[in-house]
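Single-letter residue listing:
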Amino acid sequence: MRTPLIAGNWKMHGSSAFVAEFAGRFTAQPRAPGVEVLLLPPAPYLQELAEALAGRGVAVGVQNVHDRPDGAFTGELSAEMARDIGATWTLVGHSERRLSCGETDEVVAAKLLAALRAHLQPILCVGETLAERDSGSAVAVVERQIASAAAACGAAMTRVTVAYEPVWAIGSGRTATPVQAQDMHAAIRVRLGRACGSAADAMRILYGGSVKPDNAATLLAEVDIDGALVGGASLQPDGFAAIVAAAADVAADPSSGDRN
Ligand code: PGA
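Cut-offs used in this document
Residues numbered from 1 in each chain as written. Predicted model: local features only at pLDDT ≥ 70, side-chain atom pairs only at ≥ 80, totals over all residues. Heavy atoms only, no water. Helix = DSSP H or I, 4+ residues; strand = E, 2+ residues; numbered from the N terminus. Expected span 1.5 Å × (residues − 1). Buried < 20%, exposed > 50% of the residue type's maximum accessible area, 1.4 Å probe, protein only. Arc of directions from axis to C-beta. Contact = heavy atoms within 4.5 Å. Salt bridge = Lys/Arg side-chain N within 4 Å of Asp/Glu carboxyl O. Phe/Tyr/Trp six-rings, centres within 6.5 Å; stacked < 30°, edge-to-face > 60°. Pairing = 2+ DSSP bridges. Axes fitted to C-alpha atoms, helices over the stretch in contact; angles between N-to-C directions.

Student: Can you walk me through helix 1 (residues 16-27) in this structure?
Tutor: Every α-helical turn comprises 3.6 residues, leaving residues that sit three or four positions apart pointing alike. Taking 1.5 Å per residue, 12 residues should reach 16 Å; helix 1 reaches 17 Å between its end C-alpha atoms and fits that length. Listed as buried for helix 1 are Phe 18, Val 19, Phe 22, Ala 23 and Phe 26. Taken end-on, helix 1 shows its buried residues confined to a sector of 130°, consistent with a single buried face. Check the buried side of helix 1 and you find it contacts strand 2 (36-40), helix 2 (46-52), strand 3 (58-62) and helix 10 (237-252).

Shown next as structure tokens:
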């Protein structure tokens, strides 16, 4: 049984005042059972958010780490530092970093290793651009991204959570259909199986890209969609709580399919 994971990526949004407001409104909602919840605020707010949500069973993490533990890397944050301030998770290879910060598969692989070294749980983001989808190479692109990570991580690949985020669906309001997402998630699980054997059945594959309260349930009902990486909608505490509740409802529904 794969416990659903709902992760909120705040990107470069927020403030101390927002953390307090978010926590107040989020904790006023009932806590849905049977779902892991993770928030990824900008690093300066990680500790205040963790304190404000203490006792609610919400993990916190960072959106990016450097691949080295320390050194002369101005403006960077190491996985060890993130761990030291209370992060237990990190995103690695988000498409915004791949596209605007030039992160190649090699850089992403080095960061994955850094996260594992520091005992952070990495979420490896993969996904194709619209041009890649239109040219029919979406699966090949995503397989290449996973293969690069798997080659670097070896047996530790089983500790990686994958997030499939089609670039054309991020922040665009355009969501992959449940069938499009499920097809890619199934392909990812097959590729993970080549790297990790039967352990791939227990690995979580999240969907990301314009997940909202009104589309979360249908996406999460797909058999290989084990949670969501939520951007814009994670800044709305009521909406984010509604997505967590949708995941709990799907997980509790015996007709939602055999999830190993
Ligand atoms: P979005 O972002 O939900 O705003 O599309 C998702 C992400 O970038 O992780």
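Alright, that's what it looks like, and here's the rest.
Student: Would you take a moment to explain the pattern of salt bridges for this structure?
Tutor: Pairs can form between side chains of opposite charge once their charged atoms are near each other. Here the structure, examined in full by the defined rule, presents 14 salt bridges. A salt bridge links Arg 204 to Glu 36, with the shortest nitrogen-to-oxygen separation between them at 2.9 Å. You can see Arg 204 sitting in the loop between helix 8 (178-196) and strand 7 (205-208) and its partner Glu 36 sitting in strand 2, a full 168 residues away along the chain. Sharing partners across several salt bridges, the network here consists of Arg 2, Arg 189, Asp 224 and Asp 226.

Student: I tried to follow the packing of aromatic side chains on my own but got confused; where do I start?
Tutor: Summed over the entire model, instances satisfying the criterion amount to six aromatic pairs. When the ring of Trp 10 is compared with that of Phe 18, the centres are 4.9 Å apart and the planes differ by 70°; the resulting orientation is edge-to-face. Taking relative accessible area as the criterion, Phe 18 reaches 17% and is therefore assigned buried. Taken together, a centroid distance of 5.8 Å and an interplanar angle of 40° make the contact between Phe 26 and Phe 240 tilted. With a gap of 214 residues between them, Phe 26 in helix 1 and Phe 240 in helix 10 connect regions that are remote in the sequence. Taken individually, Phe 26 and Phe 240 each receive the classification buried, so the pair is uniform in this respect. These aromatic residues form a ring-pair network of at least three members: Trp 10, Phe 18, Phe 22, Phe 26 and Phe 240.

Student: What is the right way to look at the sheet that holds strand 5 (residues 121-126) in this model?
Tutor: Adjacent strands of a sheet form backbone hydrogen bonds with each other and so pair up, either parallel or antiparallel. Taken together, the eight strands give a closed barrel; going around it, the order is 1-2-3-4-5-6-7-8, and neighbouring strands pair in parallel fashion. Here the average twist between neighbouring strands, direction ignored, is 25°. Sheet analysis places strand 1 (residues 5-9) next to strand 2, joined by five bridges and oriented parallel. Paired with Ala 7 across the two strands is Leu 38, which belongs to strand 2. Taken strand by strand, helix 10 contacts strand 1, strand 2 and strand 8 (227-230), and its axis lies near 160° from that of strand 1.

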